[in-house]
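Understanding the architecture of this molecule
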Amino acid sequence: MTLQVGIVGLPNVGKSTLFNALTRAGAAVASYPFTTIDPNIGIAEVPDPRLADIAAIVKPERIVPATVEFVDIAGLVKGASKGEGLGNQFLGHIRNVDAIALVVRCFQNPDIPHVSAGLDPWSDIQVIDTELMLADLATVERRLEQVRQASKGRPKDFAVPIALYERAIAHLSAGKPARMLEVEAKEEEFFRDLNLLTAKPRVFVANVGEGDCPAGGPLAEAVREAAAQEGAEVVVICAELEAALAEWPPEDAAAYRAELGLTESGLASLARAAYRLLRLITFFTTTGGHEVRAWPVPENTPAPVAAGKIHTDMERGFIRAEVISYPDLMRVGSFAEARNRGLLRLEGRDYLVQDGDIIHFRFAV
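The sections below set out a description of the structure shown in this document. Fair warning: this is a prediction, and the values are worked out from it, not measured in the lab. (Residues numbered from 1 in each chain as written. Predicted model: local features only at pLDDT ≥ 70, side-chain atom pairs only at ≥ 80, totals over all residues. Heavy atoms only, no water.)

Our focus in this paragraph is the sheet that holds strand 1 (residues 3-8). Across the sheet, 6 strands lie side by side as 2-4-1-5-6-7; this open sheet has mixed pairing. Edge positions in the sheet fall to strand 2 (40-45) and strand 7 (234-237), since each has one partner strand and no second. This sheet shows a mean twist of 25 degrees between the axes of neighbouring strands, independent of strand direction. Direction of pairing for strand 2 relative to strand 4 (residues 67-72): antiparallel, over a ladder of 6 bridges. Note that in strand 4 the partner of Ile43 across the bridge is Glu69. Relative to the sheet, helix 4 (residues 121-151) contacts strand 5 (99-106) and strand 6 (202-208), its axis offset from that of strand 5 by approximately 145 degrees. (Pairing = 2+ DSSP bridges. Helix = DSSP H or I, 4+ residues; strand = E, 2+ residues; numbered from the N terminus. Axes fitted to C-alpha atoms, helices over the stretch in contact; angles between N-to-C directions. Contact = heavy atoms within 4.5 Å.)

Let's shift gears to the packing of helix 4 against helix 5 (residues 159-173). Where helix 4 meets helix 5, the axes come as close as 9 Å, and the angle between the chain directions of the two elements is 155 degrees. Relative to helix 5, helix 4 is oriented roughly antiparallel. Crossing of helix 4 over helix 5 shows left-handed handedness. Across the interface between the two elements, Met133, Asp136, Leu137, Val140, Glu141, Arg143, Leu144, Val147, Arg148 and Ser151 from helix 4 touch Pro161, Ile162, Tyr165, Glu166, Ala168, Ile169, Leu172 and Ser173 from helix 5. Looking at the contact of helix 4 with helix 5 residue by residue, the classes come out as 11 nonpolar, 2 polar and 5 charged. (Parallel < 35°, antiparallel > 145°, perpendicular 65-115°, else oblique. Left-handed = near helix turned anticlockwise from the far one by under 90°. Nonpolar A, V, L, I, M, F, W, Y, C, P; charged D, E, K, R; others polar.)

With that settled, consider empty space enclosed by the protein. Enumeration according to the criterion identifies 1 cavity of 30 Å³ or more in this entry. Approximately 50 Å³ is the volume found for the largest cavity. Around the largest cavity, the lining residues are Gly9, Leu10, Val13, Leu102, Val103, Val104, Arg105, Asp124, Ile125 and Ile128. Of all the secondary structure elements, the ones that give two or more residues to the lining of the largest cavity are strand 5 and helix 4. (1 Å grid on protein atoms, 1.4 Å probe; cavity = no way out; pocket = protein on both sides within 12 Å on 5 of 7 lines; lining within 4 Å. Points joined across faces, edges and corners; volume = space filled by probe spheres on them.)

Positionally, Glu291 belongs in strand 9 (residues 291-298). Those residues in contact with Glu291, other than ones at most four positions away along the chain, are Pro60, Arg62, Val64, Thr285 and Thr286.

A few words on the side chain of Glu347. Inspection of the secondary structure assignment puts Glu347 in strand 11 (residues 345-347). Leave out the neighbours within four places in its chain, and Glu347 touches Phe318, Arg320, Ala321 and Val323.

So, about the layout of surface pockets. For the largest pocket, the calculated volume is near 690 Å³. As for the largest pocket, its lining consists of 29 residues, and the residues nearest its centre are Arg24, Pro47, Arg257, Ser265 and Leu267. At the level of secondary structure, the elements contributing two or more residues to the lining of the largest pocket comprise helix 1 (15-23), strand 2, helix 8 (239-245), helix 9 (250-260) and helix 10 (266-277). Partitioning the lining of the largest pocket into residue classes produces 19 nonpolar, 4 polar and 6 charged.

Let's shift gears to the pattern of salt bridges. A complete count under the given rule lists 22 salt bridges for this structure. Across the pair Glu166 and Arg148 runs a salt bridge, and its minimum N-O distance is 2.7 Å. Of the two residues, Glu166 is situated in helix 5 and Arg148 in helix 4; the sequence distance between them amounts to 18 residues. Overall, the relative accessible area of 37% leaves Arg148 in the partly exposed class. Glu264 serves as the salt-bridge partner of Arg272, at 3.0 Å between the closest nitrogen and oxygen. Three or more residues joined by partner-sharing salt bridges are found here, namely Asp129, Arg179, Arg202 and Glu230. (Salt bridge = Lys/Arg side-chain N within 4 Å of Asp/Glu carboxyl O. Buried < 20%, exposed > 50% of the residue type's maximum accessible area, 1.4 Å probe, protein only.)

Where helix 4 contacts helix 7 (residues 217-228), the axes come no closer than 8 Å and their chain directions differ by 45 degrees. With respect to helix 7, the element helix 4 is oriented oblique. For the pair helix 4 and helix 7, the contacting residues are Pro121, Trp122 and Ile125 in the first and Leu219, Ala222, Val223, Glu225 and Ala226 in the second. When the residues that make up the contact of helix 4 with helix 7 are grouped by side-chain class, the tally is 7 nonpolar, no polar and 1 charged.

Attention now moves to the environment of Lys200. Relative to the assigned elements, Lys200 resides in the loop between helix 6 (188-194) and strand 6. Take Lys200: its relative accessible area is 8%, and that puts it in the buried class. Residues Lys200 and Leu280, 80 residues apart in the sequence, show an inter-C-alpha distance of 15 Å. Within the structure, Lys200 has its side chain in polar contact with the backbone oxygen of Arg95 (distance 3.1 Å). A distance of 3.2 Å separates the side chain of Lys200 from the side chain of Asn195, its partner in a polar contact. (Polar contact = N/O pair within 3.5 Å; in protein donor to acceptor, adjacent residues only side chain to side chain.)

What follows deals with unusual backbone geometry. Between Cys213 and the following residue, Pro214, the backbone shows a cis peptide bond with an omega angle of 5 degrees. Inspection of the secondary structure puts Pro214 in the loop between strand 6 and helix 7.

Okay, structure coming up:
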């Protein structure tokens, strides 16, 4: 599976710069609103040092990391839910992503105008949240009207969705995002079908100036306070710096980050946050020794379903999985020694894949 993360925020907060830093895709960047009209889409590799460790043992012809698909969505403005600044089109792009990276401007630059008179991360977040909630409110109101029309003469058949939609409207009208709405098991399918913007999981990205690395300064602290209210993560990134370092030799970039007190790249920080956000784990395969590949799957994925991520035939014809954990392989240093010590185990259809599992699937079609 490819995780798709939408990069969302007000105009001129550094979304396209961050996108370029993450994907090296060369998206257009300019200091005026709506530079990005059609969403830019780029694939970024997810850094995982375990891949190199496994490859050192297997010595494959190639290494294939897991990837994240980033979607650079145009800046939203006040009134977007009513179509301002092509808002309806841009909100539609957000509906298609799995998660949101909400970029908040936390840097000063007189050459890049902000949409408001001064920098106020809290206020900027409120503008975005208000527009997303208003769009969701309109969605639920339309759905409720449709269901009420369909329920005439058969009210009992539609009692569950009607109760959910009425509760959702009251919730959103009170300024609360859909992700905070309590949904009963019998309502979950109806809720998912709404595909609400404020139900999507999100991580906050505080885009800071280089001089505020690594902690981010007082503006980033305001983002942390806002994120804490919903239990969300905050990643502090200097997008301009990351875009520049993306063009440097890796060793030089790492050395410069270290001088600034940064322990890893902005991509690594954001990718890890996105994984945690969607509760993804990674398992590995070593295809005949020719390839070492990382595969992201949701937590608690059964072995046959994980096999299906590689090929549908493998899920359909699943027999068993030969599994060793990454720590065990590193401890003994080879698959042969792992087999001698009984560390390679056979698992059946009910086995739930664990993060760091190295798996060989056996199947017959």
